[in-house]
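As a plain string of letters, each chain reads:
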Amino acid sequence: MTYETLLVEQRGAVTLMTLNRPQALNALNSQVLADLIAAFAAFDADDSQRCAVLTGSEKAFAAGADIKEMSSQSFADMYGVNFFAGYDRVTATRKPWIAAVNGFALGGGCELAMMADFIIAGDNAKFGQPEIKLAVTPGMGGSQRLTRAIGKAKAMEMCLTGRMMDAAEAERSGLVAKVVPAAELVDEAVKTATAIAAMAPLAALACKEMVNAAFETTLQQGVVFERRLFHGLFGTEDQKEGMAAFVEKRAGNWTGK
Ligand code: CAA
């Protein structure tokens, strides 16, 4: 499958997706969204693929939603088509995926990165929600996901001033899982994804579901949900294999059953 704005390759069990609109610093227009929806659906449906990495270029992960595409839209246009709602289909991806961010991740670019299960940043990464400078606000979940990731004080400051946060501050603030040299970003992210891809697949799905539940439920409900999923894994062949492999001092051999 080929896409207009996305390069997709499989490296073993890892799907590497690279945003490819260099002339617009990977600004997210409708075509990019259509390509992302199709590529993530294909990844989720492919049994040979266990983890994905979404990256951009060294200069820009994505410099935001496409301002030129949005500039002449009316309220009726935006509300009528529920503009940006298509990204819910990206966040509905069940398998784990990592955003590997070099350069600018601004506006919708920062918001897309935050849709990932976690972010690995190159040391040249710059995150920001500069929409206020265009007389609008975040519209792809930034006010919610940034606040949950880094807390109210910093999220509010970022959204109200539109300033950028560098990679070191993003790591200190909990926005990114780790920072690596920019030139090594993609290899490092694929390495991490390969490690995740080697885990028992149902346990990986369950892990993702239970951590995400922490954002949607009370602590008590979340703990019960976690426990039930944990109990459920004892109905899998891979749990028997994983614990036997530990006792026998060997690597587990997963069936995904
Ligand atoms: N939309 C459309 N085109 C964009 C774009 C965007 N978000 N960001 C960059 N581009 C285009 C530029 O217009 C330019 O195209 P032309 O050569 O045809 O003029 C090309 O990409 C290169 O950009 P610059 O010349 O501006 O590159 P630079 O290195 O001087 O600056 C930058 C880089 C600081 C990232 C700057 O491009 C910039 O500020 N971009 C806009 C960032 C922004 O405001 N993002 C938020 C968008 S709104 C949004 O995302 C809403 C939401 O919540 C989802």
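What counts as what
- Residues numbered from 1 in each chain as written.
- Predicted model: local features only at pLDDT ≥ 70, side-chain atom pairs only at ≥ 80, totals over all residues.
- Heavy atoms only, no water.
- UniProt positions renumbered as here; feature names shortened; annotations may be inferred.
- Pairing = 2+ DSSP bridges.
- Helix = DSSP H or I, 4+ residues; strand = E, 2+ residues; numbered from the N terminus.
- Axes fitted to C-alpha atoms, helices over the stretch in contact; angles between N-to-C directions.
- Buried < 20%, exposed > 50% of the residue type's maximum accessible area, 1.4 Å probe, protein only.
- Parallel < 35°, antiparallel > 145°, perpendicular 65-115°, else oblique.
- Left-handed = near helix turned anticlockwise from the far one by under 90°.
- Contact = heavy atoms within 4.5 Å.
- Nonpolar A, V, L, I, M, F, W, Y, C, P; charged D, E, K, R; others polar.
- 1 Å grid on protein atoms, 1.4 Å probe; cavity = no way out; pocket = protein on both sides within 12 Å on 5 of 7 lines; lining within 4 Å.
- Points joined across faces, edges and corners; volume = space filled by probe spheres on them.
- Domains from an automatic or database assignment.
- Near = heavy atom within 4 Å.
- Polar contact = N/O pair within 3.5 Å; in protein donor to acceptor, adjacent residues only side chain to side chain.
- Areas by Shrake-Rupley, 256 points an atom, 1.4 Å probe, with all protein chains shown as cover.
- Buried area = accessible area lost by both parts, 1.4 Å probe.
- Salt bridge = Lys/Arg side-chain N within 4 Å of Asp/Glu carboxyl O.

Looking at an unreviewed UniProt entry, one finds the protein named enoyl-CoA hydratase and attributed to Sphingorhabdus wooponensis. What the UniProt record of the protein gives under Sequence similarities (unreviewed entry) is the line "Belongs to the enoyl-CoA hydratase/isomerase family." Here the protein is described in UniProt, under the heading Function (unreviewed entry), as follows: "Could possibly oxidize fatty acids using specific components."

**Student:** How should I be thinking about the sheet that holds strand S8 (residues 126-128) in this particular structure?
**Tutor:** Paired through their backbone hydrogen bonds, the strands of a sheet run either parallel or antiparallel. Spatially, four strands are ordered S4-S6-S8-S9 in an open sheet, and the strand pairing comes out mixed. Edge positions in the sheet fall to strand S4 (60-62) and strand S9 (164-166), since each of these pairs with one other strand and no more. Sheet twist, expressed as the average angle between the axes of neighbouring strands with direction ignored, equals 20 degrees. As paired elements, S4 and strand S6 (residues 104-106) share two bridges and run parallel to each other.

**Student:** Honestly, the pairing of strand S5 (residues 97-101) in this entry has me stumped. Any pointers?
**Tutor:** Residues in a regular strand point their side chains to alternate faces of the sheet. Counting buried positions over the five residues of S5 gives five, a clear majority of the element. Here S5 shows a buried face lined by Trp 97, Ala 99 and Val 101 and a second buried face lined by Ile 98 and Ala 100. As paired elements, strand S3 (residues 51-55) and S5 share four bridges and run parallel to each other. Bridge pairing in S5 places Val 53 opposite Ile 98. Two elements, S5 and strand S7 (residues 118-122), share four bridges in a ladder whose sense is parallel. Its bridge partner being in S7, Ala 100 is matched across the sheet by Ile 120.

**Student:** What exactly am I supposed to notice about the packing of helix H6 (residues 142-150) against helix H7 (residues 152-161) here?
**Tutor:** Any two packed helices are characterised by how steeply their axes cross, that is the angle between the axes, and by the distance between the axes. Their axes nearest at 7 Å, the elements H6 and H7 cross at an angle of 140 degrees. Comparing their axes, H7 and H6 come out oblique. Once H6 is placed against H7, the crossing between them reads as right-handed. Judged by residue contacts, Leu 146, Thr 147 and Ile 150 of H6 engage Lys 152, Lys 154, Ala 155, Met 158 and Cys 159 from H7. In terms of residue class, the contact of H6 with H7 is built from five nonpolar, one polar and two charged.

**Student:** Please explain the layout of surface pockets as it appears in this structure.
**Tutor:** The gaps left among the atoms become clear once a water-sized probe is rolled over them. Looking at the largest pocket, its volume works out to about 1,100 Å³. For the lining of the largest pocket, the secondary-structure elements that each account for two or more residues are helix H5 (108-115), S7, H6 and helix H10 (201-213). Counting residues per element, the lining of the largest pocket draws most heavily on H10, which supplies eight residues. Its residues assigned to classes, the lining of the largest pocket comprises 22 nonpolar, six polar and seven charged. Two domains share the lining of the largest pocket, each providing at least three of its residues, namely domain 1 (6-198) and domain 2 (201-248). In this structure, the second largest pocket spans a volume of roughly 550 Å³. Taken together, 25 residues make up the lining of the second largest pocket; nearest its centre are Met 70, Glu 131, Leu 134, Val 136 and Thr 137. Taken together, the elements giving at least two residues each to the lining of the second largest pocket come down to helix H2 (67-70) and H5.

**Student:** Honestly, the site of the ligand in this entry has me stumped. Any pointers?
**Tutor:** Neighbouring the ligand are 25 residues, the closest being Lys 59, Gly 108, Glu 111, Glu 131 and Gly 139. A distance of 2.9 Å is found between an oxygen atom of the ligand and a backbone nitrogen or oxygen belonging to Ala 65. The side chain of Lys 68 places a nitrogen or oxygen atom 3.0 Å from an oxygen atom of the ligand. The fraction of the free accessible surface of the ligand (980 Å²) that becomes covered by protein chains is 65%. Taken together, the elements giving at least two residues each to the shell around the ligand come down to H2, S6 and H5. Of all the elements, H2 adds the most residues to the shell around the ligand, at three residues. Looking at the shell around the ligand residue by residue, the class counts come to 14 nonpolar, six polar and five charged.

**Student:** What is the right way to read the domain arrangement of the protein from this model?
**Tutor:** Along its sequence, the protein is organised into domain 1 (6-198) and domain 2 (201-248). Placing the centre of domain 1 and that of domain 2 at their C-alpha centroids yields a distance of 27 Å. Across the contact, eight residues belong to domain 1 and seven residues belong to domain 2. Buried area between domain 1 and domain 2, both sides added, is near 640 Å², and the carbon and sulfur share of it is 55%. In this assembly, domain 1 and domain 2 are joined by two salt bridges.

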